[in-house]
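A look at the structure
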Amino acid sequence: MYSPSRKDFIALTLSDQHSRSYNNGKHRRQSCWRKWKQLSRLQRSLILFLLALLLICGLLFYPSFSEQWGGRPLSPLSLAVSLLYLHAAIYVSQRVSVVSLASEIVSVKPVDRLEMVREAFRHAWKGYKEFAWGHDELKPVSKSYGEWFGLGLTIIDALDTMWILGLKEEFEEARKWVETELSFSKNVDVNLFESTIRILGGLLSTYHLTGDEMFLEKAKDIGLRLMPAFKTPSKIPFSDVNIGKGTAHPPRWTSDSTLAEVTSVQLEFRELSRLTQDPQYQEVVNEVMKLVHKLPGKHDGLVPMFINTNSGQFTHKGVFTLGARADSYYEYLLKQWIQGGKTEPDLLEDYLEAIEGVKKHLLRTSGPRKLTFVGELNHNRFNPKMDHLVCFLPGTLALGAHNGLPEDHMELALQLMETCHQMYIQMETGLSPEIAHFNLQPYDGRDVDVKPADRHNLLRPETVESLFYLYRFTKDAKYRDWGWDILESFNKYTRVPSGGYTSISNVRDPVNPGPRDKMESFFLGETLKYFYLLFSDDLELLSLDKYVFNTEAHPLPIWQLPPV
Ligand code: DMJ
């Protein structure tokens, strides 16, 4: 079990990071460049100034050196002295941490990225604590709160992040609230999927990290209260449950459920059965997977977005996407297979078939920069539209390749990661829109078009999540740099001075990004957690060979024994 008293409490030094991560010339060069980019403009100027100073001293105090520039070849002695000066200058620029200049002490310590993530978390938490404590979400601009289920969603979603970041004080106050204030005995309708991934997932993962039984008791309580959702004619669960009354129902306008929702509660319910030795939870969710596995209406492994709770059949057939309403179906096929120790062949079969379906029907390249992207299929018409949500896919593909799946999954992961990165850097704020439309025409210009209604950014985690997976598997420092740039953009355009971060309306307008006055709980539960894991050099911190992350970034253990 992971204990937070380890390296993550230690602010890592640059030389630590350097010596651990890179062992060849290429990586060393990248690392120097990375370190250079971590310095502020003032720090860079100081180092350049020092270098220039050393060079001038060299020229002044070693006369034959200047003569050599007159055309005569360098003698071995002067060459050695020149190299010595250069080496000394580089050494000083790398090692110096405090410089005295004109009697001013100026710190040139490189930016500690882990500390910057902790700082961002503390800032978000400050706003939540002051204006929204005990409520679901912070509205940072109006200094108020928003309610969804009325269950203190932000606190529960953020518990394991605080533990992982080593924010002991914040964790303790949150733990106290969960123990003394959180009650699920409430006449309130909750969405099965959202409360499973955020609340049940958050409580289970915090139980695993801390060993604190209180979290397991709370997890059992909510798990049991969600069970009525599965009492339907088809065994495909309803979308909503009243956790106080023990009743469940579909949305008012339909008897359909969303496909991603009914197939993305399995990791959590299966884990609850394992922990409680009560099979009822895993039975209901395994039944859903079995039904979907054999259901007609798939298109080379791709699934429609809706399923009917009465008939158990797919509805709204003909639209295929890896974005909203279907995304985590694909993610959970792979992750359940990993969770269960790779012993459930139907899950693997469905996953492999689906990835082939993606390659066959949804992959295209943009005109200008030949970026590979995942579009949508709408009744056999290709639509070059990609939700930011699809940016979970590079990470999932890389995780599969790491677990022995075909190498071309990794190649595709690398290409899609580049595309998701471009969705950020091609925007004026450096932040991705919610939806991108890719330009298929082969002329110079932007790859990404954004429709006015799609220009918002909700502080979503998917790209940072994938950067984390890709860094863990490749150790390529560029993924950390890309992540760092995103964190800087969040700080520049979404940070609210009085506390908290806000979603924005227009990623194309750096002058007026249009704060929307909402900080989603997943910003603390997922986005900041993945930033921290991306920048951490401790590769054993939530090792991907020991943990599988649910779709809300809550780590759950990979089972040592196969499922029963
Ligand atoms: C989160 O609740 C989860 O990551 C979910 O899978 C998708 N939507 C949000 C984040 O974007």
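Residues numbered from 1 in each chain as written. Predicted model: local features only at pLDDT ≥ 70, side-chain atom pairs only at ≥ 80, totals over all residues. Heavy atoms only, no water.

- The chain is annotated in an unreviewed UniProt entry as alpha-1,2-Mannosidase of Oncorhynchus mykiss.
- Of the chain, the UniProt comment under Sequence similarities (unreviewed entry) reads exactly: "Belongs to the glycosyl hydrolase 47 family."
- Comment text from UniProt for the chain, heading Cofactor (unreviewed entry), reads "Ca(2+)". (UniProt positions renumbered as here; feature names shortened; annotations may be inferred.)

**Observations concerning empty space enclosed by the protein**
- A full pass over the atoms with the stated rule returns two cavities of 30 Å³ or more.
- Here the second largest cavity is characterised by a volume of approximately 40 Å³.
- Lining the second largest cavity are Leu192, Phe193, Pro237, Phe238, Ser239, Ser257, Glu261 and Val262.
- If you list the elements that add at least two residues to the lining of the second largest cavity, you get α9 (192-210) and α11 (259-262).
- Classifying every residue of the lining of the second largest cavity by side-chain character gives five nonpolar, two polar and one charged. (1 Å grid on protein atoms, 1.4 Å probe; cavity = no way out; pocket = protein on both sides within 12 Å on 5 of 7 lines; lining within 4 Å. Points joined across faces, edges and corners; volume = space filled by probe spheres on them. Helix = DSSP H or I, 4+ residues; strand = E, 2+ residues; numbered from the N terminus. Nonpolar A, V, L, I, M, F, W, Y, C, P; charged D, E, K, R; others polar.)

**Let's talk about unusual backbone geometry**
- Phi angles above zero are rare outside glycine, and Asn380 is one such case at about 70 degrees.
- Of note, Asn380 is situated in the loop between β14 (376-378) and β15 (381-383).
- Residue classification places Asn380 among the exposed residues on the basis of a relative accessible area of 70%. (Buried < 20%, exposed > 50% of the residue type's maximum accessible area, 1.4 Å probe, protein only.)

**Description of the packing of helix α14 (residues 327-339) against helix α16 (residues 393-402)**
- Orientation of α14 relative to α16, taken along the N-to-C sense of each, is 30 degrees, at an axis distance of 10 Å. As summarised for this structure, α14 and α16 are arranged roughly parallel, according to the angle between their axes. Of the two possible hands of crossing, α14 and α16 adopt the one that is left-handed. When α14 is examined against α16, the residues Glu331, Leu334, Lys335 and Ile338 are found in contact with a partner set consisting of Thr396, Leu399 and Gly400.
- Of the residues in the contact of α14 with α16, the class split is three nonpolar, two polar and two charged. (Axes fitted to C-alpha atoms, helices over the stretch in contact; angles between N-to-C directions. Parallel < 35°, antiparallel > 145°, perpendicular 65-115°, else oblique. Left-handed = near helix turned anticlockwise from the far one by under 90°. Contact = heavy atoms within 4.5 Å.)

**Structural notes on the sheet that holds strand β11 (residues 319-320)**
- Sheet architecture is open: three strands sit in the order β11-β14-β15, paired in antiparallel fashion. Every interior strand has two partners, whereas the edge strands, β11 and β15, have only one.
- Where β11 and β14 come together, two bridges link them in antiparallel fashion. The residue bridging Val319 from the neighbouring strand is Asn378, located in β14.
- Contacts from helix α15 (residues 345-362) reach β11, β14 and β15, with the element oriented near 70 degrees to β14. (Pairing = 2+ DSSP bridges.)

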